[in-house]
Structure formats: C-alpha cells, structure tokens
Amino acid sequence: MKSIFLKICTLIVLVTSPFIGSHAIAAEQSMADAKVVLQISDPSPQKQTIVLNVASNITKHYGQGQVDIEIVAFGPGLRLLFAGNANKDRITALAGTGVKFSACENTTRNMAKKLGHAPILNSNAVTVSAGAVRIVDLVKQGYILIKP
Amino acid sequence: MNTLKKAALAAACTTLLSGTVSTALAANWLMLQGTEAADAAPRAKVWGFIQTKYQKDFSDANASGGYIPPKLVGPDLNSQESFSVNRARIGLRGTGMPLDSNVNYFLLVEFGNNGITQPGNAFAKVTDASITLNHIPGARIRAGLFKTPGSEEVYQGIAIFDYINFTNFANQQLIERSPNDTYTANVSSQTLPVGTSLNTFTKSVSAARDTGVQVFDTFKSNNWEHSYSIMKGNGNGLNLSDNDGKQDTYLYWSSELITSGAGPRRKGLKMYAWSQSGKRLLDNTNDATHNPTEYDRKRSGLGAKYLSNKFRVAVEFAKAKGMIWLGPHQATFDMNPAAPVGNGENGEASAWQLDLGWYINSKWELDARYDVYNRLENDTVFPGGANIGKGFETEWKTLTLGVQYHLNKKSRLTLNYAMRDVTAVDWSAGAGPNAELDGVGDVLSMQLTHIF
C-alpha cells in the first residue's frame, strides 16, 4: 500500500512538474554541457538586445539542448518581459529553443504600485519570488552568471 | 475632394478595417518619428546630427550684373560661394515613464543656418515638440509640432537624405514660406556684394511641419505594412499657433512590401499617396493698411520607392495649387519686378522626379536624380486682364549627380553636382523673365554629415 502511494505521489510530481517550479527541476536534472544565467536589471534598450543576442549566440555555439540558458529579469530590466515588448518575437523564438525567462515578483509588485496595475508579462516568463535570489540559486547549481 | 485625397482617405479606411494592429516599432517614417519601441525605449535619448556644407553656384548675372535668389547660396542670398553649417539639430526622445509605453515624446531644436533660423537671425528654433498616445489600437494620437506626412523626399529623416539640396518643387512648394504679416515690397535682382537683402521673410519656413493633432497607425499583414495618417493642424508652420482661424487637413497613406532589414534604410518597395489642403492669409496690396486676403493652398502627390542592398529607385509626382511663391518674399514675380507679374496666389504647379542610387559597397554610393518642375502652368493671362497669350510658366529641370562616401554608419561625405536649366517657356531667350533666368547655372556642393 505504502509503495503504491509513493508511486502515485511520484507520478503526480512528474506530471505537474512542468507547471510548477519547472526551472529548478530542469536545472537540477540537466545534462547540458553548459549552464548559463543571464542577468538584465537595467533599463537600457541596448541591454535588452545584447542579452537576447548572447542567449542566441550561446545556443548556436553549443547546440540546442546542449546548454541551459535562463534569463533573469528584475528591477528596470523587467521591461524586457513585458507582454508588449518590441522584442517579444525574439523571446518567443528563443523560448522555442529552450531558453527560460524568469520575472522577479518583487519587481512586479513594485511596478504595480507605480502603474496602478500589475504589468502584463510575456507568456514565456515564469515568475520567481526574487530575481537576485534566483540567480544565487542557479549559481549554486553550477550556472555561470553573465551580466552583459 | 480631389482624386488623390479620395485615394488617400479610401486607403486609410481600408487599412483600418482590414489590417491587424502592429505593436512592434514599424520601420516607416510615420512610426519612426512618432513612436518608440514598446517597452524598449529609454527615458530620454539624446540624439541629433550636424551637417556642414560648402556650396558654389556657377550662375551668371543678368545683363546689368544682377543676381536673383536661384543664383545665390541660401538662406542669406548674398554670395555665390559659401561654407555653412547647414543643419545642427539636437533633440531628446523616449518615454518619460519607461514603465508605460503608451506615452512617448519627441523634441528637436535647430541651431544651423537655414530657412528655419535665418529669418530674424534666430539663435535656435524648436522644430519638433510632440507627445504620442498609444492607448487605442489602430489609432495612435500624436499632438504638438512635428513633420506633416507627405512627400517622401521631405518626410524622410533629413539626416539620411541622399542629396544636399531639395528638388526645385520641394524647395519652393513644400518647404513652405510663411507670408509676412504686412505687405512687403519686392526686391529686384542685386549686384554683388548684395546691397538690399533678397531674403526679407520675417518668419521661418515651415520645414514641412505644423502644430496639430494626428491620428495614425501601422498594420502588418505578412510581409506588407500599411500605414495611415489623418491630421488637422494650424497651417502655420513652425509658428506654433493659428493665425487665420482656419485649419489644414493632412491625409497620408503608405503600403510597403518589406524584404529585409529594419529602421530608416529598411529594404523593400514602398508606395504612398498624400494630400494637404488649407487656407493662407496674404497681404499683397501695396498700401499702409493691413488687409490680407485668404487663399487656398493645396498640395498632393504620390510615389514609390524601391530599396535593396545594391540599388535604389524612387519616383514621385506632386501637384500644387495656390500660394505659389514666385520670389523670395512675396507672391509676386520677383525675377522681373516690373509689372505684369504671374498669378501665384491662384497658380498651379506640378513636378516629378526620378531618383537612382547604386550602393557599390559599404563605403561608396553613387546617386542620380532628375527633377522637372512646372511653375504657374495655368498662367496664360496677366492679372491686369490683358491677354497677350504669354503666361509666366517656368520650367525647372535639374539633373543632380552625387557621390557619397560613408566613413561609418553615422558619418558620410556627400558630393553633388547639379546641372540646372530654368526657362519661362512662353518667352524667347533674354525676353521677359528669361532676362533673369537665362543665367541660372550649375551648382557644386559638398556636405559632411554626422549623426549622433
């Protein structure tokens, strides 16, 4: 009975894992050759372009599936992950190659105070409690931090 | 409503009904000048450009040694050879609150020496100051002072204009001269050095700008991009306020097949049509009373431009009706100040141009432009009523050959040589207006441009 219960729990975790905390599990289970976290935290439009370029170039170099890339946006850099961002087509394309996008919940909350409503985020973005903490966690997991 | 106006309005309505709203920064002048990249624009981007110029006019004086404005270097019109700072503009643009892409602004100030700053010897002049609201899908709203959608030659960002000087039609009919508030006597041709200034305008040229409100947007459909604009403005150029209680209406439509690239030099085939109509006040009676008369001013045109990595082909047609300046400062015939004169207030003009460009490599570019402009093509009767069968129609033909060397993507050296032929078509050589026009000759100009 206990064995059946454990199997059911394991099955539930495996089935639901793509929807909750998917980044963490993917990172821990990754067999990729390289793991990179890209930070964007300033408002510069050029930085938005550079971060996406770097993600694209790393993917091309290692090959799709051979590298784990996660872009963490917080502070003014969160604008990259706004739903209407001019780079949204590039974000969709990169997400299609496996690049992950994390949006800082603290920043979202602060921006909501200024805007009067929560910003609408890109559907490819996954909310994390704090962008900086997310980067620390990923570095602990062996990710290399790049801040273009 | 004329045909071009109808076509522009119909196309605008069709676009509104059939397209899908584009939220990305569209690479057309309507969008490049009026909007910012969504959620990717700075709070305040400092930008601008400087154009330093050398020009030599090889025109000959008339029989008595006098020169008319087309034979001199503008805007001061007192020499045939000059170094100048043609344009020096600096501006700010962006989204004041970067979190809200629904609002953006555009500010630009001119410090160079040209028709914008020369009248009144102004130190600087604001040429653009606008706010755009992007809240309504398919109907962005831009309010303030900004370029009015129209001829591609004038509407494009002037910093990337492939020639140094405008075509004759654009210079005379689109870069509008505002009438002085009171009657201003004509100035006859002047010997050098100029004793009496040939440029007695007291207000800046319009620089193809107006203060008003514009509704516009761009719609994408596969590789096509359709844009429209409807605008109401004061019809008073850079003067920032209305002066006659009448407003101008501006209509614009463009469709572009995009082949590659983005930004100002995006590759593709663009087609467009435009129309501008309004009223102008002109005090053209030689008395001490301020008694201006109201005249129609209409401009319209259509064109197409194909741009690839290797070459460029562009063609434009345009028409003008009313308020056709014949001289440097008033709507009378300046080139032969003795009466009779042509009827510029109700005159008509038309023009066309063919522009070719060959991009040899990333550094060198060859350009060639041929423009033909018929001024007062409806003029057959003198204002006094005496029909002598000769009007004051003048035909301006110019072939401009150019070479551009791009030092980098933001800096280039442009060399132009313009071969001009101007004739009053109903008059023999040396007779009537041709006494002044016969000597209009070639122009050599060089310009260094740096965009920052």
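Residues numbered from 1 in each chain as written. Chains lettered and ligands numbered in written order. Predicted model: local features only at pLDDT ≥ 70, side-chain atom pairs only at ≥ 80, totals over all residues. Heavy atoms only, no water.

### Details of the nonpolar core
Alright, step 1. Ranked by internal contacts, the top residues of the largest apolar core, which has 44 residues, are V154(B), F166(B), F169(B), I324(B) and Y373(B).
Alright, step 2. In terms of residue count, helix α2 (residues 29-34) of chain B provides more of this core than any other element does, 4 residues in total.
Alright, step 3. The contacts of F169(B), once residues within four sequence positions are left out, are L174(B), A318(B), K319(B), A320(B), A349(B), S350(B), A351(B) and Y373(B).
Alright, step 4. Judged by nonpolar contacts, the second largest core, of 24 residues, contains V51(A), A73(A), V99(A) and F101(A). (Core = buried A, V, L, I, M, F, W, Y, C linked by side-chain atoms within 4.5 Å. Buried < 20%, exposed > 50% of the residue type's maximum accessible area, 1.4 Å probe, protein only. Helix = DSSP H or I, 4+ residues; strand = E, 2+ residues; numbered from the N terminus. Contact = heavy atoms within 4.5 Å.)

### Topic: the confidence of the model for chain B
Alright, step 1. For chain B, mean pLDDT is 88; residues scoring 70 or higher make up 88% of the total.
Alright, step 2. This complex was scored by the predictor with a pTM of 0.86 and an ipTM of 0.74. (pLDDT = per-residue confidence, 0-100.)

### Observations regarding the packing of helix α3 (residues 45-62) of chain A against helix α4 (residues 88-96) of chain A
Residue and element names in this part refer to chain A.
Alright, step 1. At their nearest, the axes of α3 and α4 sit 11 Å apart, and the two run at 25° to each other. Classed by the angle they form, the pair α3 and α4 counts as roughly parallel. Like other packed secondary-structure pairs, α3 and α4 cross with a definite hand, here left-handed. Here T49, L52, N53, A55 and S56 of α3 lie close against α4, whose contacting residues are R90, I91 and L94.
Alright, step 2. A breakdown of the residues in the contact of α3 with α4 according to their chemical character gives 4 nonpolar, 3 polar and 1 charged. (Axes fitted to C-alpha atoms, helices over the stretch in contact; angles between N-to-C directions. Parallel < 35°, antiparallel > 145°, perpendicular 65-115°, else oblique. Left-handed = near helix turned anticlockwise from the far one by under 90°. Nonpolar A, V, L, I, M, F, W, Y, C, P; charged D, E, K, R; others polar.)

### Some remarks on the pattern of salt bridges
All names here are of chain B.
Alright, step 1. Inspection of every chain in the model, using the stated rule, returns 26 salt bridges over all chains.
Alright, step 2. The partner of K279 in a salt bridge is D296, and the shortest N-O contact between them spans 2.4 Å. With K279 in strand β10 (residues 267-282) and D296 in strand β11 (residues 293-307), this residue pair connects regions lying 17 residues apart in the sequence.
Alright, step 3. Residue classification places K279 among the partly exposed residues on the basis of a relative accessible area of 29%.
Alright, step 4. You can call D296 partly exposed: its relative accessible area is 35%.
Alright, step 5. One network of salt bridges, in which partners are shared, links D162, R265, R312, D355, E365 and D367. (Salt bridge = Lys/Arg side-chain N within 4 Å of Asp/Glu carboxyl O.)

### A look at helix α6 (residues 131-140) of chain A
The periodicity of an α-helix, 3.6 residues per turn, causes residues three or four places apart in sequence to face the same way.
Residues and elements named next belong to chain A.
Alright, step 1. Taken together, the buried positions of α6 are occupied by G131, R134, I135 and L138. The arc that holds the buried residues of α6, viewed along the axis, is 100°, so those residues lie on one side.
Alright, step 2. Of the residues trailing α6, G142 is marked for its positive phi of about 100°. (Arc of directions from axis to C-beta.)

### Structural notes on the interface of chain B and chain A
Alright, step 1. Residue-level contacts link 12 residues of chain B with 12 residues of chain A.
Alright, step 2. A combined buried area of about 1,000 Å² lies between chain B and chain A, and 61% of that area is made up of carbon and sulfur atoms.
Alright, step 3. Viewed at the interface, chain A and chain B are joined by 5 residue pairs in polar contact (both at pLDDT 80 or more).
Alright, step 4. A class-by-class count of the residues in the side of chain B that touches chain A yields 8 nonpolar, 2 polar and 2 charged. (Buried area = accessible area lost by both parts, 1.4 Å probe. Polar contact = N/O pair within 3.5 Å; in protein donor to acceptor, adjacent residues only side chain to side chain.)

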